[in-house]
Amino acid sequence: MDTALAVPDARLHASWAATLRDFGETFPHGSGLDPEDPPTLDAVGCAAFAADKRRCADPAAGLPPGMVSCTYFWLLELDEVVGFLAVRHRLDDVLLEQGGHIGYSVRPAARRRGHASRALRLALAHAGGLGLDRVLLTCEADNRASRRTIEGAGGAYEDTRAGRRRYWIGVAGAGEPLSAVGAVPGRR
Ligand SMILES: CC(C)(COP(=O)(O)OP(=O)(O)OC[C@H]1O[C@@H](n2cnc3c(N)ncnc32)[C@H](O)[C@@H]1OP(=O)(O)O)[C@@H](O)C(=O)NCCC(=O)NCCS
């Protein structure tokens, strides 16, 4: 089983929509979805959403105040979207306390196949390419799946703040930023 990271792209519309539907009422972490302004799940909505997410990775994009630049990826199994992952380019005060650099989620139907673990490894390479030398990951203390994902990637536990476990993972010189539209395969 492979996992790839793809830059958001409307060509992936059908499985992107199916994945969002699969989350139901639960939030798709790392998707960049705004619950107050959800996208329509048709092709037009997907194209607009994908373009907006790609723009967030551009440091020159002029993001709204309070937002940090962020690379959004869609997790692919073969050519189908099965999840989401976000790499924030820096931490603000809230991210330092709670959110961390990287957030992710895998659609319920595709969990426990190693996607989060492989995607995190690819994301660490991307973070290294952005010039980060370590990244912060956090999870709710009772989120066993995310905790194991982070610890499996070598996360060094620092502390728990407001119920969230905080881990650092060193990424110095880990790779190049993934900027092209397309897939980057990763094997477990
Ligand atoms: C957390 C999440 C992304 C894991 O995705 P996944 O693709 O199923 O994870 P993997 O298959 O790579 O498994 C990673 C580790 O978690 C363990 N794991 C996965 N699901 C688990 C579960 N429900 N209970 C206990 N352990 C679990 C796996 O066994 C594996 O550990 P191991 O390598 O020691 O065996 C997924 O459960 C999810 O999307 N949850 C909701 C969103 C979320 O919590 N995101 C993180 C926000 S902090």
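Residues numbered from 1 in each chain as written. Predicted model: local features only at pLDDT ≥ 70, side-chain atom pairs only at ≥ 80, totals over all residues.

## Observations regarding the overall build of the protein chain
When you go through the protein chain residue by residue, the secondary structure sums to five helices and eight strands. Written out in order from the N terminus, the α and β elements of the protein chain read β-α-α-β-β-α-β-α-β-α-β-β-β. Dimensions of the protein chain along its principal axes, counting C-alpha atoms only, are 45 × 35 × 30 Å. Split into buried and exposed, the 188 residues of the protein chain put 40% on the buried side. Across the protein chain, the fraction of contacts at a sequence separation of at least 24, relative to all contacts at a separation of at least 6, is 66%. (Helix = DSSP H or I, 4+ residues; strand = E, 2+ residues; numbered from the N terminus. Buried ≥ 20, exposed ≤ 12 C-beta atoms within 10 Å, placed from the backbone. Contact = placed C-beta atoms within 7 Å.)

## Points about the site of the ligand
The local shell around the ligand holds 20 residues, among which Arg-111, Ala-116, Ser-117, Ala-145 and Arg-148 are the closest. A total of six residues in the shell around the ligand trace back to one element, the largest contributor, which is helix α5 (residues 144–152). For the shell around the ligand, the class distribution of residues is five nonpolar, 10 polar and five charged. (Near = placed C-beta within 6 Å. Nonpolar A, V, L, I, M, F, W, Y, C, P; charged D, E, K, R; others polar.)

## As for the nonpolar core
By size, the foremost hydrophobic cluster in this structure holds 45 residues, and its most contacted members are Trp-74, Leu-75, Leu-85, Ile-102, Ala-119, Ala-123 and Val-135. In contact with Leu-85, other than residues within four places in its own chain, are Leu-5, Gly-30, Phe-73, Leu-75, Ile-102, Tyr-104, Ala-119 and Ala-123. (Core = buried A, V, L, I, M, F, W, Y, C linked by C-beta atoms within 7 Å.)

## Some points on unusual backbone geometry
Within the chain, Arg-112 stands out as a residue other than glycine whose phi angle is a positive 60°. Here Arg-112 lies in the loop between β4 (102–106) and α4 (115–129). Take Arg-112: there are 8 C-beta atoms within 10 Å of it, and that puts it in the exposed class. Of note in the backbone geometry, Ala-162 takes a positive phi value of approximately 50° without being a glycine. Mapping Ala-162 onto the fold places it in the loop between β6 (156–161) and β7 (164–170).

## Details of the sheet that holds β7
If you trace the three strands from one edge of the open sheet to the other, you get β5-β7-β6, paired in antiparallel fashion. Because the sheet does not close on itself, it has two edges, and the strands there are β5 (134–140) and β6. Taking the axes of each pair of neighbouring strands and ignoring which way they run, one obtains an average angle of 25° across the sheet. Taken together, the seven bridges between β5 and β7 define a ladder with antiparallel strand orientation. Its bridge partner lying in β7, Leu-137 is registered against Tyr-167. Of the strands in this sheet, β5 and β7 touch α5, which is tilted by about 160° from β5. (Pairing = 2+ DSSP bridges. Axes fitted to C-alpha atoms, helices over the stretch in contact; angles between N-to-C directions.)

Spatial relationships are all this shows, so hold off on functional conclusions.
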